[in-house]
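# Reading the structure
Below are the chains, spelled out letter by letter.
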Amino acid sequence: MISHGRYLALLAALFAVVWVALAIDPWYRDDWALENVLVVVFAVALSASRRRFVMSRLSYTLIFLFLCLHTVGAHYTYAEVPYDAWIKALTGRSLNEVMGWERNHFDRFVHLMYGLLLAYPMRELFLRVADARGFWGYFLPLDMTLSTSALFELFEWAAAEIFSGGLGVAYLGTQGDVWDAHKDMSLAGLGAFIAMLLTALINARLRRDFAREWQDSMMVKRAAPLGESETVRMLRSREAGR
């Protein structure tokens, strides 16, 4: 079996090839540059954390797939990825016509994939860093998916305000839908829910302690309300000192 380090290097090399190929003559260079800001930040963070926090092959593979999808969207802009033309060339039928769609849905697809592909790496982070167990090991990735999706929508809004005009519109990619942000966040949450449901079903089948761990995670660990006992003790000690 290929070593963990070589596998990660292979994924990095493959992504570099995809990124360079799609960096050549993008449809809108300014939008491409703006879309890649978060990619650079994410890649630097992954590289910097590799020595102290090495993730599983599965997590790195899922991250790789999502970054490839985002790179495709950055090349064309999300609102103009010609997926319908590709599908029609392969099958002879238009997906948009079959589904009755009037807009480009590549952005919706990537938001769904954000939850579906990245919820598992988030789960690994919570399990290994926050020591999440049972119910919380499945709920927290869903929660983080929704919260980061909301943060990204706020980031898009701020970028559209700062870079007004065509660049702002291209980056925001609402295509005239006033509920675009809500639908994007909902799809990301749906993707994360599906990913965590599948993970839970697999673990329930393979792990004998699944039910006990789930039950233990819902038990109260400390009976006393946090902070109140310490506050009472401090007040009593002050009164005694008078």
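For the structure itself, consult the block above.
Because the structure is a prediction, the values reported are computed rather than measured.

## A word on the overall build of the chain
Looking only at helices and strands, the chain features 11 helices and 0 strands. Counted from the first residue to the last, the chain has its helices and strands arranged as α-α-α-α-α-α-α-α-α-α-α. Scored against the burial criterion, the 242 residues of the chain give a buried share of 36%. Counted over contacts in the chain with a minimum sequence separation of 6, partners at least 24 positions apart contribute 72%.

## Observations concerning the packing of helix α1 (residues 4–23) against helix α3 (residues 57–76)
Interaxial distance between α1 and α3 falls to 10 Å at its minimum, and their mutual angle equals 5°. Classified by the interaxial angle, the pair formed by α1 and α3 is roughly parallel. When α1 is examined against α3, the residues H4, Y7, L8, L11, L14, F15, V18, W19 and L22 are found in contact with a partner set consisting of R57, Y60, T61, F64, L67, C68, T71, V72 and H75. Considering only residue class, the contact of α1 with α3 consists of 13 nonpolar, 4 polar and 1 charged.

## What to know about a nonpolar patch on the surface
On the surface, a cluster of nonpolar side chains totalling about 550 Å² of accessible area is made up of L190, F193, I194, L197, L198 and L201. Mapped onto the elements of the fold, L197 is located in helix α9 (residues 180–206). Classification of L197 as partly exposed rests on a relative accessible area of 41%.

## Structural notes on α3
Between its first and last C-alpha, α3 extends 29 Å over 20 residues, near the 28 Å set by a 1.5 Å rise per residue. Extensive coverage of α3 is indicated by the burial of 16 of its 20 residues. Directly after α3, the chain includes T77, whose backbone phi takes a positive value near 75°.

## A few points about the pattern of salt bridges
A full pass over the atoms with the stated rule returns 10 salt bridges. Note that D180 and R108 form a salt bridge whose closest N and O atoms lie 2.6 Å from each other. Of this pair, D180 sits in helix α9 while R108 is found in helix α6 (residues 106–128), placing the two residues 72 residues apart along the sequence. Across the pair, exposure class does not vary: D180 and R108 are buried alike. Notably, a salt bridge pairs R133 with D131, separated by 3.0 Å at the nearest N-O pair. In this structure R133 comes out as partly exposed when scored by relative accessible area, which is 37%. A cluster of three or more residues bridged by salt bridges with shared partners is formed by R103, D107, R108, D180 and D184.

## As for the packing of aromatic side chains
Enumeration according to the criterion identifies 14 aromatic pairs in this entry. Relative to W214, the ring of F135 lies with its centre 5.6 Å away and its plane at 80°, an arrangement referred to as edge-to-face. Note that F135 is positioned in the loop between α6 and α7 (136–162) and W214 in helix α10 (residues 210–217), a separation of 79 residues in sequence. Classification of F135 as partly exposed rests on a relative accessible area of 25%. A residue is classified by how much of its surface remains accessible, and W214, at 31% relative accessible area, is partly exposed. Geometrically, the ring pair formed by Y138 and F210 is edge-to-face, given 6.2 Å between the ring centres and 65° between the ring planes. One end of the pair, Y138, is in helix α7; the other, F210, is in helix α10, and 72 residues separate them in sequence. Comparing Y138 with F210, the two get one shared label, buried. Put simply, the rings of F135, W136, Y138, F139, F210 and W214 pair up and form one aromatic cluster.

## With respect to the side chain of N104
Positionally, N104 belongs in the loop between α5 (95–99) and α6. There is a polar contact of 3.3 Å between the side chain of N104 and the backbone oxygen of A79. Side-chain polar atoms of N104 contact the backbone nitrogen of F106, separated by 3.0 Å.

## Notes on the environment of V18
By the element assignment, V18 lies in helix α1. C-alpha separation for the pair V18 and C68, spaced 50 residues apart in sequence, amounts to 7.1 Å. Once residues within four sequence positions are removed from consideration, V18 is found in contact with C68 and T71.

Definitions and limits used
Residues numbered from 1 in each chain as written. Predicted model: local features only at pLDDT ≥ 70, side-chain atom pairs only at ≥ 80, totals over all residues. Heavy atoms only, no water. Helix = DSSP H or I, 4+ residues; strand = E, 2+ residues; numbered from the N terminus. Buried < 20%, exposed > 50% of the residue type's maximum accessible area, 1.4 Å probe, protein only. Contact = heavy atoms within 4.5 Å. Axes fitted to C-alpha atoms, helices over the stretch in contact; angles between N-to-C directions. Parallel < 35°, antiparallel > 145°, perpendicular 65-115°, else oblique. Nonpolar A, V, L, I, M, F, W, Y, C, P; charged D, E, K, R; others polar. Patch = residues over 30% accessible without salt bridge, like charges linked within 9 Å, V, L, I, M, F, W, Y side chains within 5 Å. Areas by Shrake-Rupley, 256 points an atom, 1.4 Å probe, with all protein chains shown as cover. Salt bridge = Lys/Arg side-chain N within 4 Å of Asp/Glu carboxyl O. Expected span 1.5 Å × (residues − 1). Phe/Tyr/Trp six-rings, centres within 6.5 Å; stacked < 30°, edge-to-face > 60°. Polar contact = N/O pair within 3.5 Å; in protein donor to acceptor, adjacent residues only side chain to side chain.

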